[in-house]
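Okay, here's what each chain looks like letter by letter:
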Amino acid sequence: MSDLLASDLITPDAGESPLLNQGSVSILKAAPIARLSFRAREASLKAAGSVFGAALPTTPLACETAVKRAALWMGPDEWTLLAPEEDLKEVFEGIEAKLGDEPHALVDISERSEAVIVSGEKAVWLLNTGIFIDFSLDAFPVGTVTRTIFHKSPVMVWRTGSDTFVVEAWVSFMDYVAGLLVQSAQELEAA
Amino acid sequence: MLLIYCPYCQVERAETEFHCGGEAHIARPADPSKASDEDWVEFLYMRTNTKGIAAERWRHNNGCGRFFNAVRDTVSDKFLKFYKAGEPMPDLEAIAKEAGK
Amino acid sequence: MSQPFRTEKGGRIDRAEQLSFTFDGEEMHGHKGDTLASALLANGVHLVGRSFKYHRPRGIISAGSEEPNALVGVYRHGDQTPNLRATQVELYQGLEAISQNRFPSLGFDIGAVNDSLSRFFPAGFYYKTFMWPKSFWDRVYEPIIRAAAGLGKPPKNPDQDSYGNIYAHCDVLIVGSGPTGLAAALAAAETGAKVILCDEQAEFGGTLLSETSASIDGKEPADWVTETIAKLSAMDNVTLLTRTTAYGYFAHNFIALAERVTEHVSKPDPKLPRERLWQVRAKEVVIAAGSIERPMVFPENDRPGILLAEAGRTYLNRYGVKVGHKVLVATACDTAWQAAFDLADHGVEVAAIADMREAPPENLVSIANARGIRVESGCVVTGTLGRKRVKAALLGRLMTSGQVASAGQIECDALLMSGGWTPTVSLYSQSRGKVVWDAEKGAYVPGKSVQNERSAGAAKGLYGLQASLEDGYAAGEEAAKAATGKSAKVTYAASTGGDAGSGGTLGAIPHDRNASTVKAFVDYQNDVTAKDVKLAVREGMQSIEHIKRYTTTGMATDQGRLSNMNALQIASGALQRPMTEVGLTTFRQPYTPTTFGLFAGVARGDFFDPVRKTPSHEWVVKNGGVFEDVGQWKRTWYFPKNGEDMHAAVARECKTVRDSVGLFDASTLGKIEVVGPDAAEFLERMYTNPWKKLAPGRCRYGLLLNDAGYITDDGVIGRLADDRFHVTTTTGGAPSVFSTMEDYLQTEWPDLDVWITSTTEQYAVAAVQGPKAREVIAPFIEGIDLSADAFPHMSVKEGTFCGVPCRLFRISFTGELGFEINVPRRHGKMMWETLAKEIEKYDGTTYGTESMHVLRAEKGYIIVGQDTDGTVTPQDAGMTWAIGKKKLDFVGKRGLERPDMIADNRKQFVGLLTKDPKVKLEEGAQITAAGNPATGTPAEGHVTSSYYSPALDRNIALAVVKNGHALEGKTLYVPMPDGSIPVEVTGTVFYDKEGARINV
Ligand SMILES: [Zn+2]
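Residues numbered from 1 in each chain as written. Chains lettered and ligands numbered in written order. Predicted model: local features only at pLDDT ≥ 70, side-chain atom pairs only at ≥ 80, totals over all residues. Heavy atoms only, no water.

Engineer: Just give me the short version of the overall build of chain A, but keep the residues and values in it.
Structural biologist: When helices and strands are counted, chain A shows four helices and 11 strands. For chain A, the C-alpha radius of gyration of 17 Å lies close to 16 Å, the compact-globule estimate for 191 residues. Along the first, second and third principal axes, the C-alpha atoms of chain A reach 60 × 35 × 30 Å. Each of the 191 residues in chain A was classed as buried or not, and the buried ones make up 61%. By sequence separation, contacts in chain A at least 24 residues apart represent 60% of the contacts at least 6 residues apart. When the accessible surface of chain A is totalled, it reaches about 7200 Å², and 50% of it is carbon and sulfur. Computed over 14 positive and 27 negative side-chain charges, the separation of the two mean positions in chain A equals 4 Å. (Helix = DSSP H or I, 4+ residues; strand = E, 2+ residues; numbered from the N terminus. Rg over C-alpha atoms; globule rule 2.2 N^0.38 Å. Buried < 20%, exposed > 50% of the residue type's maximum accessible area, 1.4 Å probe, protein only. Contact = heavy atoms within 4.5 Å. Areas by Shrake-Rupley, 256 points an atom, 1.4 Å probe, with all protein chains shown as cover. Lys, Arg positive; Asp, Glu negative; His and termini not counted. Charge placed at Lys NZ, Arg CZ, Asp CG, Glu CD.)

Below you can see the structure in the form of structure tokens.
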């Protein structure tokens, strides 16, 4: 797992048993994490990145990771900043202090979503049962992060390894998303 | 299901990620109090409903969330141009000519 | 065990594996590799159904998905799936099939009386007969038509199978795996392009599987297929899909494929889906869908035992089945001759080859002569005999005058016919391409490509094995090049045999019979005859689109793939206009009938739609709460106690809130955090109310309009800091309010330094309402002085609840002292359970959305979307107090000044009290000025909300009424079926009009 992006940040929830665990694909609930929505104009990005610890990528759909930090491009003026739960206050206050009156918006969205880790050689196949994106490595390389739609639920998909994806959904959608992923994977167990 | 290019994400995605917002380049009058009743009705309700090459608004609502504009042939559904919000309306006639319309 | 029409040897069936099956309860046998159709034919069964209108006996006519007659029901999980084509149903052990459109049995059918009464069932019959009176449609005509006609019967039970879905992207999608498709796949795959090859049949190979008189690279065609498929399946860049129909070609090269995963399996693994929908985005598409043979339109061309010639050949060579013991071949082209030769070579007596051409090719005639087959040239079939199976055919000689002279009768137990070939342009047509008439080929062929596709081989009218292979390779190469820019050197296979052949005919075959009594079928499934098409023209139909709808020709499950060209030719003759001017109907999706299960996919049962739950959900379930659906959310409707019904529960809940305290889950309310130096300016522009002077720590009710001036949403907005607001929206309005705000921010005011973030799911929200609310929350709140002076109505502060951070609002939607506590979502369960326990000390209650509605109605608070309908202005709603009078602009301000918006006679929001307090009005009921208005009198307005009010112990209602504000004290009426209900117009506040209870 060490070749995965942000493996010190995105970890399976120790208290939970896997939602699905079979040879070709597994679905694990990810442990809680601090998530911050950061909105600003270009002039503020450098400062924000330096105090956060990971640069804020300006390439669409890209991410930047550092030790226990990840900055995900969500839109041209929108980033999701990830850090361990216990660092929430420090990160929040650090950025606020550094940017001061410079126009920006920082909002705690840690509790808004939950994540599952979908991995295995059939991970791409499984995601494609509900997501209309070409996940071939050429079209969607490791590190790519995007919001999209899984069947009828908005989700965020972040490729952290060639066979590993973080799938995030707003909490009230997660039963639907994880439930359908598990159901769709059933046929892989067929004889 | 249409295939739509988001000029912010710089990728093509399925239509299910987007929402169409109707005719593009209808600016809200800067000072509405100066607009006549007729102007305001025009702004609120009147649309050209083009059969052919038209500029329309789209939002990548299940993606980056940005509004952008696209030139589409409403007969064939072919997209001829995508551009960011705030950029001027392209020359539709030139685009039509180039597309052999 | 006996299969009297099975050949001694040959075919692709597994003769070692015998399978038993039943058809209409009769047990029969076949082999692995059979279709239901081939197995039935092996058993000598041709009669498989009754026709739609005349209930005429019908037999298997084709060997493919275009089959119009052999529609059967097949049992699965104890229920039958109707309208499956026996030609596509693969045989498995224990298969149970039934015929359709017959009553009481296939052999004896009462509906067949329609056939002898057929002069009463001409084209346009339904339109003519069942016209009047209109009221007869529902109760008389439609039930009769439905009972007598219809294709099959729908299954009775819920579908027990599951259906899968997969989204796929590829460089080249190839539809069809005959010689053209396989060659295209080889060529495209060789370049490294990502290729998907699909075929609707159980095996790849198409016509090559029944081609025994040709060779490719010196091999039997079927062996070349096996080798080719082995080669393709070893390549990582190739996906091979059998039993997969490309049924829809949509915009931007989006193609839908239906894969039948377990349809052919006797005992399917329940973990596998029955079918899978492939939603494919292909950079390039190669349509190698081949062509299909045309029936000949001669009288009585529909008897069981009459098949297309190539179908007869396919049953023989691929399935080892003889369609008869004595077979007549009637043709207008060369290809059918090969069927006669193959049959003769298998020892089947060929009664004759009747070719309508004056001089069929000499080489064919000499081959026939060598086999001792009687050849009749310039000869047509003018009729057939036999009721449930053809037993003889009438022959006629074509005279130079154009007349037909009888040429005697010939006995046969099967008749193979070929009117020539029609390219399958369905997918091309679906891709919005326009077909063009190719006079030389006598066919419509694909014209210019509109999307990134190319038709190849027989699908574009190019026939002959070698030509098909070469065109396939070229199409594969070109498609791969266009998709990826790459090319590769591919060696083309060389073939012998499978020559293109010539000939073909369109339209009705001339005959010497009584034209007014004989039936020559154009569209078998819909029972449309040549006569019907002519009648439609006589009755004024000019365009083929009209003729199609009037006669229903081409409206069968094959969409006219068999019938269109013959119908066109007949129409063109009747209209005396060239065929190209008559037009061609458009082929639409789906190519073949497609199940609803496939379309629904996973969107059934628990996964029909996301079911969104709040953190109190588990507690509510455990405590017997009743839920209602509010959009995707499950919200608690009411909490019945000790067997209470809804009315009693709601009355108790409302009373308890007013007397003591109630707890309500408000988590679903939309929440948007508005942050940035221009936050107040932004809200100032969005909402009607003023925001700039609102002090941090204070809240205000916000009213949102659209630019037309109509109310679209509302909610309380709290200012947390100079540059940070916590906005709430209605539950249902959350996504649209967010999107509208983004729209104005991004496209109208991009210069504003403010950003919005949805925090709906960041927080769980508990509303504590009632005189005891403060006491209930006080033990758990820290960091906030809850006293009325320090924390008055419409305040917001951050503190902690049981040690976790919270945002506390003092607001009320009940008219009582109230608080709403926001905690991080994961603590929502803890908060709910803590408060639910605490309220017990005050004999408090949890309450649901119904009581919430009653309590707010007693106070006259609107619910956007219930009391407003998109045409209500703040003035109409009596809410001018919410408009910032000094503001120069806000969304909707200019709209409100339009003459119509300030005109007299607008519907205004009022209260209604029924004269009889026990009478409850119906929401949506119309309101009139007179007690018994004349029919057609426009209503003055309608009831928007109506409840029993426990606080007033009477029924109350809210309504919109024309000029309602001026009508206070007046009497209006609500006419209902049982009589008019008199009501008094009142103000909208029914309870605590001074608002004293809120400020304690
Ligand atoms: Zn985008």
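Engineer: Talk me through helix 12 (residues 530-538) of chain C; I want residue IDs and the actual numbers.
Structural biologist: For helix 12 of chain C, the complete set of buried residues consists of A530, D532, V533, L535, A536 and V537 of chain C. In the stretch just after helix 12 of chain C, G540 of chain C is the one whose phi turns positive, near 110°.

Engineer: Which residues make up unusual backbone geometry, and what values do they have?
Structural biologist: Where the residue is not glycine, phi is negative for most of them; where a peptide bond is considered, it is trans in most cases. The omega angle of the peptide bond from Q589 of chain C to P590 of chain C is -5°, so this bond is cis rather than trans. Turning to its location among the elements, P590 of chain C is positioned in the loop between helix 15 (579-582) and helix 16 (596-600). Here the phi dihedral of Q10 of chain B falls at roughly 60°; this positive angle occurs in a residue that is not glycine. Assignment of secondary structure puts Q10 of chain B in the loop between strand 1 (3-6) and strand 2 (11-14). According to the relative accessible area criterion, Q10 of chain B is partly exposed, its value standing at 46%. Of note in the backbone geometry, M794 of chain C takes a positive phi value of approximately 70° without being a glycine. Topologically, M794 of chain C is positioned in the loop between strand 40 (781-782) and strand 41 (795-801). Classification of M794 of chain C by relative accessible area gives buried; the value is 16%.

Engineer: Explain the interface of chain C and chain A to me, and be specific about the residues and the numbers.
Structural biologist: Quite often, the size of an interface is put as the accessible area lost when its parts meet. Between chain C and chain A, the contact holds 46 residues from the first and 43 residues from the second. Here chain C and chain A share an interface that buries about 3800 Å² over both sides, 55% of which is from carbon and sulfur atoms. Together, Y167, F607 and W755 of chain C form the three largest contributors to the area buried by chain C at its contact with chain A, with a combined 21%. If you look at where chain C meets chain A, you find seven salt bridges. (Buried area = accessible area lost by both parts, 1.4 Å probe. Salt bridge = Lys/Arg side-chain N within 4 Å of Asp/Glu carboxyl O.)

Engineer: Which residues make up the coordination of the zinc ion, and what are the values?
Structural biologist: Residue and element names in this part refer to chain B. Within the protein, the zinc ion binds to C6 (SG), C9 (SG), H60 (ND1) and C64 (SG); these donor distances fall in the range 2.0 to 2.4 Å. With four donor atoms in place around the zinc ion and angles of 104 to 119° between them, the coordination shape is tetrahedral. The sequence pattern formed by the donor residues of the zinc ion is C-x2-C-x50-H-x3-C. (Donors = N, O, S within 2.8 Å, 3.2 Å for Na, K, Ca; no water. Tetrahedral: all angles 85-135°; square planar, octahedral: opposite > 155°, others 65-115°.)

Engineer: Run through the domain arrangement of chain A, naming residues and quoting values.
Structural biologist: All names here are of chain A. What the domain assignment reports for chain A is domain 1 (2-31 + 113-190) and domain 2 (34-108). On the domain 2 side, the residues contacting the 16 residues of domain 1 number 17 residues. For the pair domain 1 and domain 2, the two sides together bury roughly 1200 Å², of which 62% comes from carbon and sulfur. For the domain 1 face of the interface with domain 2, the top three residues by lost area are L9, V145 and R147, together amounting to 42%. Summed over the shared surface of domain 1 and domain 2, the number is two salt bridges. For the salt bridge of E78 with R147, the shortest nitrogen-to-oxygen distance reads 3.0 Å. (Domains from an automatic or database assignment.)

Engineer: If you had to explain the side chain of H60 of chain B to someone new, which residues and values would you point to?
Structural biologist: Residue and element names in this part refer to chain B. Looking at the secondary structure, you find H60 in the loop between strand 4 (53-59) and strand 5 (67-73). Of the residues examined, H60 reaches a relative accessible area of 0% and is grouped as buried. With residues up to four places along the chain from it excluded, the contact list for H60 reads C6, C9, R13, E17, F18, G65, R66 and F68.

Engineer: Could you give me a rundown of the domain arrangement of chain C, with the residues and numbers involved?
Structural biologist: Residues and elements named next belong to chain C. Looking at the assigned domains, one finds that chain C contains domain 1 (163-291 + 423-487), domain 2 (295-419), domain 3 (519-595), domain 4 (666-841) and domain 5 (896-998). Using C-alpha coordinates to define each centre, domain 4 is positioned 32 Å away from domain 5. Facing the 11 residues of domain 4 at the interface are seven residues of domain 5. Contact between domain 4 and domain 5 buries roughly 710 Å² in total, counting both sides, with carbon and sulfur atoms accounting for 49%. Interface area lost by domain 4 to domain 5 is led by Y710, G815 and E816, which between them contribute 46%.

Engineer: I'd love a proper account of the interface of chain B and chain A, names of residues and values included.
Structural biologist: At the interface, 13 residues of chain B touch 17 residues of chain A. Roughly 1100 Å² is buried in total at the junction of chain B and chain A, and carbon and sulfur atoms are behind 56% of that figure. It is R13, N62 and R66 of chain B that lose the most area in chain B upon contact with chain A, and together they represent 40% of the buried surface on that side. Taken together, the connections running from chain B to chain A amount to one salt bridge. Among the ionic pairs, R66 of chain B bridges to D77 of chain A, the shortest N-O distance being 3.5 Å. Where chain B packs against chain A, one counts four residue pairs in polar contact (both at pLDDT 80 or more). Here the side of chain B that touches chain A is composed, by residue class, of six nonpolar, four polar and three charged. (Polar contact = N/O pair within 3.5 Å; in protein donor to acceptor, adjacent residues only side chain to side chain. Nonpolar A, V, L, I, M, F, W, Y, C, P; charged D, E, K, R; others polar.)

Engineer: Tell me about the sheet that holds strand 50 (residues 979-986) of chain C, and please be specific about residues and values.
Structural biologist: All names here are of chain C. In space, the six strands of this open sheet follow the order 46-47-48-45-50-49, with antiparallel pairing throughout. With partners counted over all chains shown, the strands left at the sheet margins are strand 46 (926-927) and strand 49 (971-976), one partner each. Lying on the sheet, helix 23 (residues 849-858) is in contact with strand 47 (941-949) and strand 48 (954-962); it crosses strand 47 at an angle near 110°. (Pairing = 2+ DSSP bridges. Axes fitted to C-alpha atoms, helices over the stretch in contact; angles between N-to-C directions.)

Engineer: Talk me through the side chain of T614 of chain C; I want residue IDs and the actual numbers.
Structural biologist: All names here are of chain C. Relative to the elements of secondary structure, T614 occurs in the loop between helix 16 and helix 17 (617-622). By relative accessible area, which is 9% here, T614 ends up buried. A distance of 2.6 Å separates polar atoms of two side chains, one belonging to T614 and the other to D665.

Engineer: So, the environment of E453 of chain C: which residues are in play, and what are the values?
Structural biologist: Residues and elements named next belong to chain C. For E453, the position within the fold is in strand 27 (residues 453-455). Separated by 439 residues in the primary sequence, E453 and G892 place their C-alpha atoms 49 Å from one another. Other than its neighbours up to four places away in sequence, E453 contacts Y249, E284, V285, I287, Y428 and S431.

Engineer: Describe the pairing of strand 6 (residues 79-84) of chain B, with residues and values.
Structural biologist: Residues and elements named next belong to chain B. Sheet topology note: the strand 5/strand 6 ladder contains five bridges and is antiparallel. Along strand 6, the bridge assignment pairs F68 with K84. Where strand 5 folds back onto strand 6 in an antiparallel hairpin, the turn is made up of five residues, including D77, whose phi is positive at roughly 70°.

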